[in-house]
Amino acid sequence: MRTLTGVEFAETAAYVVLSLGAAFAGSLAAVLLVPLVQPGHTLPFGGALFNAGLSVEMRSAIFAAAMVAFALLRWQAARLGARLVGRYGMNLRRRVHARLIDAPLTSLADSTSAEIANVLTHNVELIIQGFSALQQLLVAGVTAAVSLGFAFWVSPPLMLAAPLLAALGLMASRAYGREQALVSRQYVADITRLFWHSEDFPRRLRHVRSFEKEDAERASYGAISARLGHGYRRQLELVATGRLMLELLAAIGIAALFVLAHRWRGIDQSSLIAVCLLLGRLLPYLVATRQSFHQLRSAASAFELWQRYMSLGPERLSVAPAHTATSGGALHIERMRLIPPANGLDVADLVLMPGELTLIAGDSSIGKSSLVDVLAGMTTPEAFAARVGERSIDFDEYRELVRKGAYVSQHVRPWQHSVRECLLWAAPEATDEMLRSVLTDVGLDKRLAEPNRRGGDCGPMPEHRQ
């Protein structure tokens, strides 16, 4: 409920109203079938609407009108539900992506890129399926309430069996629930592992081949695929088993109603037909309800993962100080301590000169990446003391000095398709002349003069692929 926006709450209310109208029209149409099945038979319910004196043509017209109203209301509810599901999924993606963009780098240190990719893609799809299942359960609940209300109006004695049928249905809906929850949780975990095996595949393939681990890679990927196949198969089997149980219970329940009506004197035959038609309308909803509960269990595990990333606090950036230091002079970092690495890293007497390059080198896992994150102003160190000229500055002032700088890590995975798109991502207003100048600065201007593979000259700013 907390994930719904105000607009989504309003649309959900409209969805309920339309579903209620469709359920009412469908139940009315079911009861209107009785005088068509038994022409000339006086019904003990309904008053003027079911008057035996009405012609067959008039009865047929009333029945057709009820069915048309039912179809139109259900169609409109389905359209509104589709818009609601689409907007809900879009908001989920935007919110978790925005939270990840604002999250401190340190909070993502223990997260794999595969898990984050899963959260932003397939995991949200599972939540959307669960949200759609909630809609189906809402429709099933409204339809059941209206149909049972009509059945009680038609024949209160026959509805004495309703509590027993409801208890049996509840037992069927809860059968295999624990196993479904375990299968769904394992499915989400295996999908994350599959993302890990699939991410940045060309780089991963070089790593696998260099260590001659092709067989191990095949075995690991095959094991995950086998678990996913088993999980998916078991989910479908559980759905089928639940559907069988519900259909058997429904068949037994309707047969019991006939026996009850036969044994219980005073039950009108037309009332029995009407009640059976009303309860028969619920059979498709019973089957869909079982599947909806299964989708909800699958969505629960995915929603837990989504909530875990939504709980990440945003990076707390202090307001820029009123007297920000100018960037004209050297920046002297007198003392700085950062974690990670686990044992901490102490840096002292580091001088950053405008216009000069500074090389950071060291053994693996010594803390080079963590140091660059701090120097780029992306993470806050444990301790910091620096000055510009003779004036001391804190880390907030330092961050303000370096915030115009660009940070390119040692492993870059561009998501743009061409060099042009990469450059325009950094400077959308750049002209072709500016782009050519940048390529000249980094020694790629000669590539512009080379003929492409098709033998022709490269035109203005060719779309060199990454």
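In case you missed it, the structure is sitting above this.
Residues numbered from 1 in each chain as written. Predicted model: local features only at pLDDT ≥ 70, side-chain atom pairs only at ≥ 80, totals over all residues. Heavy atoms only, no water.

### Examining the overall build of the protein chain
We apply this condition: What counts as a helix is a DSSP run of H or I of at least four residues, what counts as a strand is a run of E of at least two, and both are numbered from the N terminus. For each residue, the accessible area found with a 1.4 Å probe, counting protein chains only, is set against the maximum for its type, and the residue is called buried under 20%, exposed over 50%, and partly exposed in between. Whether two residues are in contact is decided by their heavy atoms: any pair within 4.5 Å suffices. The method behind every accessible area is Shrake-Rupley, applied with a 1.4 Å probe, and residues are considered shielded solely by the protein chains displayed.
Helix and strand counts for the protein chain stand at 15 helices and four strands. Out of the 466 residues in the protein chain, the part that is buried amounts to 36%. Of all intrachain contacts in the protein chain linking residues separated by at least 6 positions in sequence, the fraction that spans at least 24 positions is 75%. Put simply, the protein chain shows about 27500 Å² of open surface, and 61% of that area lies on carbon and sulfur atoms.

### Some points on helix H12 (residues 395-402)
Side chains of residues three or four places apart in an α-helix project in the same direction, reflecting 3.6 residues per turn. Inclusion rule: Throughout this description, a polar contact denotes any pair of N or O atoms lying within 3.5 Å of each other; where both atoms belong to protein, one of them has to be capable of donating a hydrogen while the other can accept it, and for residues adjacent in sequence the pair is counted only when both atoms sit in side chains.
Most of H12 is tucked away, with six of its eight residues classed as buried. The complete set of buried residues in H12 reads Phe-395, Glu-397, Tyr-398, Arg-399, Leu-401 and Val-402. Capping the start of H12, Asp-394 holds a side-chain oxygen 3.3 Å from the backbone nitrogen of Asp-396, two or three residues further along.

### Focus: the pattern of salt bridges
The following threshold applies: The term salt bridge refers to a side-chain nitrogen of Lys or Arg lying within 4 Å of a carboxyl oxygen of Asp or Glu.
Following the criterion strictly, the structure yields ten salt bridges and no others. In this structure, Glu-125 engages Arg-93 in a salt bridge whose closest nitrogen and oxygen atoms are separated by 2.2 Å. Residue Glu-125 is found in helix H4 (residues 122-154), and its partner Arg-93 is found in helix H2 (residues 56-102); the two are separated by 32 residues along the sequence. The partner of Arg-391 in a salt bridge is Glu-397, with the nearest N and O atoms 3.2 Å apart. Its relative accessible area of 31% is what places Arg-391 among the partly exposed residues. Because the salt bridges share partners, they merge into one network encompassing Asp-190, Arg-193 and Arg-227.

### Here we look at the nonpolar core
Using the following cut-off: Buried Ala, Val, Leu, Ile, Met, Phe, Trp, Tyr and Cys residues that are joined via side-chain atoms within 4.5 Å together make up what is termed a nonpolar core.
Among the nonpolar cores identified, the biggest contains 23 residues, and Trp-306 and Tyr-309 are the most heavily contacted of them. Among the secondary structure elements, those contributing two or more residues to this core are H2, helix H3 (113-120), H4 and helix H10 (282-310). Ranked by residue count, the leading element in this core is H2, at six residues. If we ignore the near neighbours within four places in the chain, the residues touching Tyr-309 are Val-96, Arg-99, Leu-100, Leu-108, Ser-111, Glu-115, Ile-116 and Val-119. Membership of the second largest hydrophobic core comes to 19 residues, among which are Ile-333, Met-336, Val-347 and Val-402.

### Some words on the sheet that holds strand E2 (residues 345-352)
Applicable threshold: Here the rule is simple: two strands pair whenever DSSP picks up at least two bridges between them. Helix axes are fitted to C-alpha atoms over the stretch in contact, other axes to C-alpha atoms as well, and angles between N-to-C directions run from 0 to 180 degrees.
Ordered by their spatial adjacency, four strands build an open sheet running E2-E1-E3-E4, and the pairing between neighbours is antiparallel. The sheet is open, and its two edges are formed by E2 and strand E4 (391-393), each paired on a single side. Each adjacent strand pair in this sheet contributes to an overall mean axis angle of 15 degrees, direction not counted. Here strand E3 (residues 383-388) pairs with E4 via three bridges, running antiparallel. From the neighbouring strand, Arg-387 faces E4, where its bridge partner is Ser-392. Its contacts with the sheet place helix H11 (residues 368-375) against strand E1 (331-338) and E2, and it is angled at close to 130 degrees to E1. Each of E1, E2, E3 and E4 touches H12; the most contacted strand, E4, lies at about 90 degrees to it.

### Looking at helix H13 (residues 419-426)
Worth spelling out the cut-off: Comment: arc refers to directions from the helix axis out to C-beta atoms.
Among the residues making up H13, those that are buried are Val-419, Arg-420 and Leu-423. The buried residues of H13 occupy an angular sector of 100 degrees when the element is viewed end-on, so they sit on one face. Among the structural elements, helix H14 (432-441) are those in contact with the buried residues of H13.

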